[in-house]
Protein chains: 2
Amino acid sequence: MKVELVNPFLAAAINVLRTMAFTEARAGKPFIKKDKKAVGDVTGIIGITGQATGSLSITFSQRCIENVVGNMFGEKIEGITDEVRDAVGEITNMISGDARRKLDEQGFNLKASIPTVISGSGHIIKHISPGPCVAIPFETDSGSFVVEVSLEEQDSG
Amino acid sequence: MKVELVNPFLAAAINVLRTMAFTEARAGKPFIKKDKKAVGDVTGIIGITGQATGSLSITFSQRCIENVVGNMFGEKIEGITDEVRDAVGEITNMISGDARRKLDEQGFNLKASIPTVISGSGHIIKHISPGPCVAIPFETDSGSFVVEVSLEEQDSG
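A brief look at the structure comes next.

1. Examining empty space enclosed by the protein
It is a probe the size of a water molecule, rolled over the atoms, that shows where empty space is left.
Here's step 1: According to the stated counting rule, one finds one cavity of 30 Å³ or more in the structure shown.
Here's step 2: Computed from the structure, the largest cavity encloses a volume of approximately 50 Å³.
Here's step 3: What lines the largest cavity is a set of 14 residues, among which I45(A), G47(A), I45(B), I46(B) and G47(B) lie closest to the centre.
Here's step 4: When contributions to the lining of the largest cavity are tallied by element, the ones reaching two or more residues are β3 (37-50) of chain A together with β3 (37-50) of chain B.
Here's step 5: Considered class by class, the residues forming the lining of the largest cavity number six nonpolar, eight polar and no charged.

Structure (structure tokens):
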């Protein structure tokens, strides 16, 4: 999986959180995950097809998403409510859309499914893929989140 | 969302569990979910694009998946291990593949992403879609599972 495929997702995560939630996210060093698992409290997942097949996930700790969604709506958020789940779906969609737009400009066309949001304290996410999974850890002033991208390039578009 | 789009997923779930895991699954009546949430212990999710965009999920109770995977491997399974997660990914892939093959014969082309598997006691799955989400409840001799399909037809393929 090429770094050119990962960087647009990293940039999109920063951009979407800044624009939608006035939240500065600092990216740590992306790394290839061997065991392809992440643990968190709420996760948005979106499936990807096209010139590569795979999946994108974004997993938040409860504290981080309460702050992000609180900033989006200008009110104090406590707990992972239905409103929070919808916001995570929207954030996932926007990161996917922003990254795919940039990749499309480079001639690399990806399509995205509809997002699914999973909530539950300390759930585990595993991308089932023959190819590698790249994890990008992020820090905000109110906790951490991780973006995972697993893409396998197709022989034909 | 047309019933013709749902039935192949229902048939595929029965077929895959029978073939791979010697498990007879009895389908209950499919229903349209208003709140689009399911609760379970392990879930496989796959994104769908093409002539419709959406997602497919299959959510098992722990007892049900222990039995299904135990049958697949011919050994007693306890707990949701990495082996179980991989098996749920494989089952999700096969249900998606079987259903899409049947739909393709009817001239309806869908593509699928790579599956993601979520585990964690009592996690909640929510499909974020403008369209409806159809849930199909299943019973086996060792507990229940639910297949959810959320597909929004596209104007152009």
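2. Brief notes about the side chain of S119(A)
Residues and elements named next belong to chain A.
Here's step 1: Assignment of secondary structure puts S119 in strand β6 (residues 116-127).
Here's step 2: The class for S119 is buried, based on a relative accessible area of 4%.
Here's step 3: Polar side-chain contacts of S119 include one of 2.8 Å to the side chain of R85.

3. Regarding helix α2 (residues 62-73) of chain A
Here's step 1: The end-to-end C-alpha separation of α2(A) is 16 Å, in line with the 16 Å expected for twelve residues at 1.5 Å each.
Here's step 2: Within α2(A), burial applies to C64(A), I65(A), E66(A), V68(A), V69(A), G70(A) and M72(A).

4. Structural notes on the interface of chain B and chain A
Here's step 1: Across the contact, 31 residues belong to chain B and 31 residues belong to chain A.
Here's step 2: In total, about 2,500 Å² of surface goes out of reach between chain B and chain A, with carbon and sulfur atoms giving 60% of it.
Here's step 3: Taken together, the links from chain B to chain A amount to four salt bridges.
Here's step 4: Inspection of the chain B/chain A interface yields 13 residue pairs in polar contact (both at pLDDT 80 or more).
Here's step 5: Secondary-structure elements contributing two or more residues to the side of chain B that touches chain A are β3, β4 (52-60), α3 (82-105), β5 (110-112) and β6 (116-127) of chain B.
Here's step 6: Sorting elements by how many residues they give to the side of chain B that touches chain A places β6(B) first, with ten residues.
Here's step 7: A breakdown of the residues in the side of chain B that touches chain A according to their chemical character gives eleven nonpolar, 13 polar and seven charged.
Here's step 8: Pairing between β6(A) and β6(B): eight bridges, direction antiparallel. The partner of H127(A) across the bridge, within β6(B), is T116(B).

5. Here's the deal with the relation of the copies chain B and chain A
Here's step 1: With an RMSD of 0.0 Å, the operation that places chain B on chain A is a rotation of 180° combined with a shift of 0.0 Å along the axis. Expressed as a symmetry operation, the mapping of one chain copy onto the other fits a two-fold axis. Looking at the rotation axis and the C-alpha trace of chain B, the residue lying nearest is G47(B), at 2.1 Å.
Here's step 2: A share of 100% of interface residues in chain B that are also interface residues in chain A marks the association as one of identical surfaces.

6. Some details on the packing of aromatic side chains
All names here are of chain A.
Here's step 1: The tally for this structure, following the rule as stated, stands at four aromatic pairs over all chains.
Here's step 2: Here F60 and F145 contribute two aromatic rings whose centre-to-centre distance is 5.2 Å and whose plane-to-plane angle is 35°, an arrangement assigned as tilted. Placement of F60 in strand β4 (residues 52-60) and of F145 in strand β8 (residues 143-153) is noted, with a sequence separation of 85 residues between them.
Here's step 3: Taken together, the ring pairs connect F60, F138 and F145 into an aromatic cluster.

Criteria and cut-off values
- Per chain, the residues get numbers from 1 upward, laid out in the order the sequence is written.
- Written order determines the labels here, with chains lettered from A and ligands numbered from 1.
- Side-chain atom pairs in this predicted model are given and counted only at pLDDT of 80 or more, local residue features only at pLDDT of at least 70, and totals for whole chains, interfaces and linings cover all residues.
- Note that the side-chain values use all heavy atoms of the structure and ignore hydrogens as well as water.
- A pocket here means an open set of points on a 1 Å grid, computed over the protein atoms alone, that has protein on both sides within 12 Å along at least five of seven lines. A cavity is instead a set of points where a 1.4 Å probe fits but cannot get out; residues with an atom within 4 Å of a point line either one.
- Grid points are joined across faces, edges and corners, and a volume is the space filled by probe spheres set on the points.
- Under the DSSP-based scheme used, a helix requires at least four consecutive residues in state H or I and a strand at least two consecutive residues in state E, with every element numbered from the N terminus.
- All amino acids are sorted into three groups, where Ala, Val, Leu, Ile, Met, Phe, Trp, Tyr, Cys and Pro are nonpolar, Asp, Glu, Lys and Arg are charged, and the leftover types, Gly among them, are polar.
- Accessible area is worked out with a 1.4 Å probe on protein chains only. A residue is then buried under 20% of its type maximum, exposed over 50%, and partly exposed in between.
- Pairing of N or O atoms within 3.5 Å defines a polar contact, subject to two protein rules: one partner must be a possible hydrogen donor and the other a possible acceptor, and residues neighboring in sequence count only if both atoms are side-chain atoms.
- To estimate how far a helix should extend, the number of its residues minus one is multiplied by 1.5 Å.
- We call two residues in contact whenever any of their non-hydrogen atoms come within 4.5 Å of each other.
- Two parts placed together each lose some accessible area; with a 1.4 Å probe, that loss summed over both constitutes the buried area.
- Any carboxyl oxygen of Asp or Glu that lies within 4 Å of a side-chain nitrogen of Lys or Arg is treated as forming a salt bridge with it.
- Each pair of strands is called paired provided DSSP finds at least two bridges between the two strands.
- In superposing the copies, a least-squares fit is computed on C-alpha atoms, taking residues whose pLDDT is at least 70 in both.
- Here is the rule: rings of Phe, Tyr and Trp (six-membered ring for Trp) pair when centre to centre is within 6.5 Å. Planes less than 30 degrees apart are stacked, more than 60 are edge-to-face, and the remainder are tilted.

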